[in-house]
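# Report on the structure
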Amino acid sequence: MQDQLVSLKRQFPLFTDYARSTVKEIWDAETLSNALHFTAQNFASLYLENQGQGQFIAHHLPIAAQSAPINAFLVEDFDGDGHLDVLLAGNDFGTEFRTPRADAGHGLLLLGDGAGHFKPLSIEESGVYLPGEVRDLEMIQGVGENIILVGVNNGALEVLGWWCGAGGGFFVSGTLTMEDEDMAFFVSGTLTMSDKDM
């Protein structure tokens, strides 16, 4: 707070004095009574189920989805079972120098059961590995395959190739790069399959 309010630096020239002070020692009663007060009841990542007539029910996502901020998600039937699933990614590297960045997310595929419950898959099970500061996910549909473009802050455009067959699907991840000579795009990456029968 001292970085934002220069007056506090004059009031507390030593960090130890500032660190030991209570809010009431830093601000007088009039300033506190005129200040805006905000409270937060929930910091979980969740989805809202529309019940109709303006009524919603909040459902927390599984614990595996709570490790980092979620900046982007796609809802699709990724495993071909007829139920919607969720692919999500995020992280936040833009913190101030005293605050560690929120970088525990590696992308996550949540398989839906059609009843509002989601099962998280590991990296090995899904093939999804997106450890950067992901800002957006967009799907491009092709013939027999789907490509998910992954926008990464201060990074190369990444891609996930997604194929869905009987009994499950698999992702191929890589980085989209461009050859200077012919402006042709190619994808490089490691094949990871979640469907043992393919």
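Numbering of residues starts from 1 in every chain and runs along the sequence as written. Reporting in this predicted model follows two pLDDT cut-offs: at least 70 for local features of residues, and 80 or more for side-chain atom pairs to be given and counted; totals over whole chains, interfaces and linings ignore these cut-offs and use all residues. Computation of side-chain values: all heavy atoms of the structure, hydrogens and water removed.

### Some thoughts on the overall build of the protein chain
Using the following cut-off: Numbering of helices and strands starts at the N terminus; helices are DSSP runs of H or I of at least 4 residues and strands are runs of E of at least 2. Each residue is assigned to one of three classes by its accessible area relative to the maximum for its type, calculated with a 1.4 Å probe on protein chains only: buried under 20%, partly exposed between the two thresholds, exposed over 50%. Only heavy atoms matter for contacts: two residues are in contact if any of them lie within 4.5 Å across the pair. Each accessible area is a Shrake-Rupley estimate made with a 1.4 Å probe; only the visible protein chains count as cover when residues are assessed.
Tallying secondary structure elements over the protein chain gives 5 helices and 11 strands in all. Out of the 198 residues belonging to the protein chain, those deemed buried represent 28%. Within the protein chain, counting contacts between residues at least 6 apart in sequence, those at least 24 apart form 33% of the total. Just so you have it, the protein chain exposes about 13,200 Å², and 56% of that area is on carbon and sulfur atoms.

### With respect to the side chain of serine 45
Note on placement: serine 45 falls in the loop between helix 4 (29-34) and strand 1 (46-52). If sequence neighbours within four positions are ignored, serine 45 has contacts with His60, Leu61, Ala65, Gln66 and Ile70.

### Here's the deal with the environment of leucine 121
Tracing the backbone shows leucine 121 in strand 6 (residues 118-121). Residue class for leucine 121 comes out buried when judged on its relative accessible area of 12%. Aside from chain neighbours lying at most four places away, what touches leucine 121 is Leu108, Leu109, Leu111 and Ser126.

### A look at the nonpolar core
Note the threshold: The criterion is simple. A nonpolar core is a set of buried Ala, Val, Leu, Ile, Met, Phe, Trp, Tyr and Cys residues joined through side-chain atoms within 4.5 Å.
Leu87, Leu130, Val134, Leu137, Ile148 and Val150 are the most contacted members of the largest nonpolar core, which has 17 residues in total. Going through the elements one at a time, strand 3 (70-76), strand 4 (85-90), strand 5 (108-112), strand 7 (134-141), strand 8 (146-152) and strand 9 (158-165) are the ones with two or more residues in this core. With 3 residues, strand 8 is the single largest residue contributor to this core.

### Some words on the sheet that holds strand 4
The condition is simple: Criterion used throughout: strands pair if DSSP finds at least two bridges between them. The convention used is that axes are lines fitted to C-alpha atoms, helices contributing only their stretch in contact, and that angles between N-to-C directions extend from 0 to 180 degrees.
Taken together, the 4 strands give an open sheet; going across it, the order is 3-4-5-6, and neighbouring strands pair in antiparallel fashion. Each edge of the open sheet is held by one strand with a lone partner, namely strand 3 and strand 6. Within this sheet the neighbouring strands show an average axis-to-axis angle of 25°, counted without direction. Here strand 4 runs beside strand 5; their pairing, made up of 3 bridges, is antiparallel. Bridge assignment links leucine 87 to a residue of strand 5, and that residue is leucine 109.

### Thoughts on the pattern of salt bridges
What counts is decided by this rule: We define a salt bridge as a side-chain nitrogen of Lys or Arg found within 4 Å of a carboxyl oxygen belonging to Asp or Glu.
Counted by the stated rule, this structure contains 2 salt bridges. Across the pair glutamate 133 and arginine 135 runs a salt bridge, and its minimum N-O distance is 2.8 Å. Looking at glutamate 133, the relative accessible area reads 3%, which means it is buried.

### Examining unusual backbone geometry
Backbone geometry places glutamine 53, a non-glycine residue, at a positive phi of 55°. Exposure remark for glutamine 53: the relative accessible area of 82% places this residue in the exposed category.

### As for the environment of glycine 132
Inspection of the secondary structure assignment puts glycine 132 in the loop between helix 5 (123-126) and strand 7. Judged by its relative accessible area of 16%, glycine 132 is buried. When the C-alpha atoms of glycine 132 and glutamate 158 are compared, they prove to be 9.9 Å apart, with 26 residues separating the residues in sequence.

### As for a nonpolar patch on the surface
Rules: Grouping into patches uses exposed residues only, defined as over 30% relative accessible area, and leaves out salt-bridged ones; the cut-off is 9 Å for like charges and 5 Å for nonpolar side chains (Val, Leu, Ile, Met, Phe, Trp, Tyr).
A cluster of nonpolar residues, Leu46, Leu48 and Phe56, forms a patch on the protein surface that exposes about 290 Å² of accessible area. Inspection of the secondary structure puts leucine 48 in strand 1.

### A few points about the side chain of asparagine 146
Checked against the element boundaries, asparagine 146 lands in strand 8. If we skip the residues at most four places from it in the chain, asparagine 146 touches Met139, Ile140, Gln141, Leu160, Gly161 and Trp162.

The analysis is restricted to geometry; functional conclusions fall outside its scope.
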